[in-house]
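Close look at the chain arrangement
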Amino acid sequence: MAIDVEALLRLWTHPLPPDDEAAAAAFRAYYTDPVLVNGTPMPATELVSRARAVQAMFEDVQQELLEVFQTPDKLVLVARSRGKHVGPMATSAGLLKPTGRFLDLRVIDVMTLTDGRVSAVWMTADELGALKSIDAVTLTQP
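This report concerns the structure included in the present document. (Residues numbered from 1 in each chain as written. Predicted model: local features only at pLDDT ≥ 70, side-chain atom pairs only at ≥ 80, totals over all residues. Heavy atoms only, no water.)

Strand residues, when the strand is regular, have side chains that alternate between the two faces of the sheet. As judged from the 3 bridges shared by strand β1 (residues 31-37) and strand β8 (residues 117-125), these two strands associate in the parallel manner. Residue pairing for β8: Y31 is matched across the bridge by V118. With 3 bridges connecting them, β1 and strand β2 (residues 40-42) associate as antiparallel partners. Looking across to β2, one finds that V37 is bridged to T40. Linking β1 to β2, which pair antiparallel, is a turn of 2 residues; within it N38 sits at a positive phi near 50 degrees. (Pairing = 2+ DSSP bridges. Helix = DSSP H or I, 4+ residues; strand = E, 2+ residues; numbered from the N terminus.)

Printed below as a string of structure tokens:
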């Protein structure tokens, strides 16, 4: 059973219901509860928290799907999110305060599907490229 990729992405880019349980139910329509994210079990309520943080990070976010590959048990997405950076961004290097600058973040998600829902995600983002593009980090020669 194929997943509606556009609807799945809207969970991350469009406002969720204000009620946390209704928002978690929206995620449970597409994700198992819990879902494994980079090997760690994550309940739907945590997905809601993360989605709200992502939505607060961008103003006028534009989501672009660069590649989609789907089989009955796998879904691979290559996407970019672009917009004005207006909210805190959690990164591997720490929390980046809003810069007001245009941020372009590229992400690859490799998802395992079980009974038509995402049961595991291996995700990686080009944080370094995004941080460099807004001068949040400076690269030096060794």
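Moving on to the sheet that holds strand β3 (residues 58-70). With mixed pairing, 6 strands are arranged side by side in an open sheet as β2-β1-β8-β7-β4-β3. Every other strand in the sheet has two partners, leaving β2 and β3 as the edge strands with one partner each. Going across the sheet, the axis of each strand differs from the next one's by a mean of 25 degrees, ignoring polarity. Taken together, the 10 bridges between β3 and strand β4 (residues 74-85) define a ladder with antiparallel strand orientation. Bridge assignment links F69 to a residue of β4, and that residue is V76. On the sheet, helix α3 (residues 44-57) packs against β1, β2, β3 and β4 and is oriented at approximately 125 degrees with respect to β3. (Axes fitted to C-alpha atoms, helices over the stretch in contact; angles between N-to-C directions. Contact = heavy atoms within 4.5 Å.)

Time to look at the packing of aromatic side chains. By the definition in use, this model includes 2 aromatic pairs. Ring geometry for W12 versus F27: centroids 5.3 Å apart, planes at 80 degrees, classification edge-to-face. One end of the pair, W12, is in helix α1 (residues 5-13); the other, F27, is in helix α2 (residues 20-28), with 15 residues separating them in the sequence. A relative accessible area of 0% places F27 in the buried class. (Phe/Tyr/Trp six-rings, centres within 6.5 Å; stacked < 30°, edge-to-face > 60°. Buried < 20%, exposed > 50% of the residue type's maximum accessible area, 1.4 Å probe, protein only.)

Let us look at the environment of A23. Within the secondary structure, A23 sits in helix α2. Separated by 11 residues in sequence, A23 and W12 have C-alpha atoms that sit 11 Å apart. Those residues in contact with A23 that lie beyond four places of it in its chain are L16, P17, V48 and R52.

Interpretation note: all reported values are geometric properties and have no functional meaning in isolation.
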